[in-house]
Amino acid sequence: MKVQCPTCQKSLEWTPDNKYRPFCSERCKLIDLGEWASEGHAIPGKSVEEEMMSEDWNEQKRWDN
Ligand SMILES: [Zn+2]
């Protein structure tokens, strides 16, 4: 049985030992899951945001005094 890889449209044989089916490869599977594009990308600004929040909190405390 032939299937088409949903990612690269390559036709491949559907076999039980193809653990990436219906994809042709792990790479295509990751692309479809959206993991390929985000791989290695850190989420920027998270710690900065947390710092700003604590700064705001300190600012507020100062105002209270
Ligand atoms: Zn593929």
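Note that this is a predicted model, so its numbers are computed, not measured.

Visitor: Could you clarify how one ought to interpret the overall build of the protein chain in this entry?
Guide: The helix and strand tally for the protein chain stands at three helices and two strands. Sequence-distant contacts in the protein chain: of pairs separated by 6 or more residues, those separated by 24 or more amount to 10%.

Visitor: Just to check I follow, could you spell out unusual backbone geometry for this structure?
Guide: Trans peptide bonds make up the majority, and among non-glycine residues the majority have a negative phi. Pro22 follows Arg21 through a cis peptide bond whose omega is 5 degrees. Here Pro22 is to be found in the loop between β2 (11-13) and α1 (26-33). If you check the backbone angles, Gln9 has positive phi at about 65 degrees while not being a glycine. With respect to the helices and strands, the residue Gln9 is situated in the loop between β1 (2-4) and β2. On the basis of neighbour count, Gln9 is assigned to the exposed category, with 9 C-beta atoms found within 10 Å.

Reading the values: the criteria
- Residues numbered from 1 in each chain as written.
- Predicted model: local features only at pLDDT ≥ 70, side-chain atom pairs only at ≥ 80, totals over all residues.
- Helix = DSSP H or I, 4+ residues; strand = E, 2+ residues; numbered from the N terminus.
- Contact = placed C-beta atoms within 7 Å.
- Buried ≥ 20, exposed ≤ 12 C-beta atoms within 10 Å, placed from the backbone.

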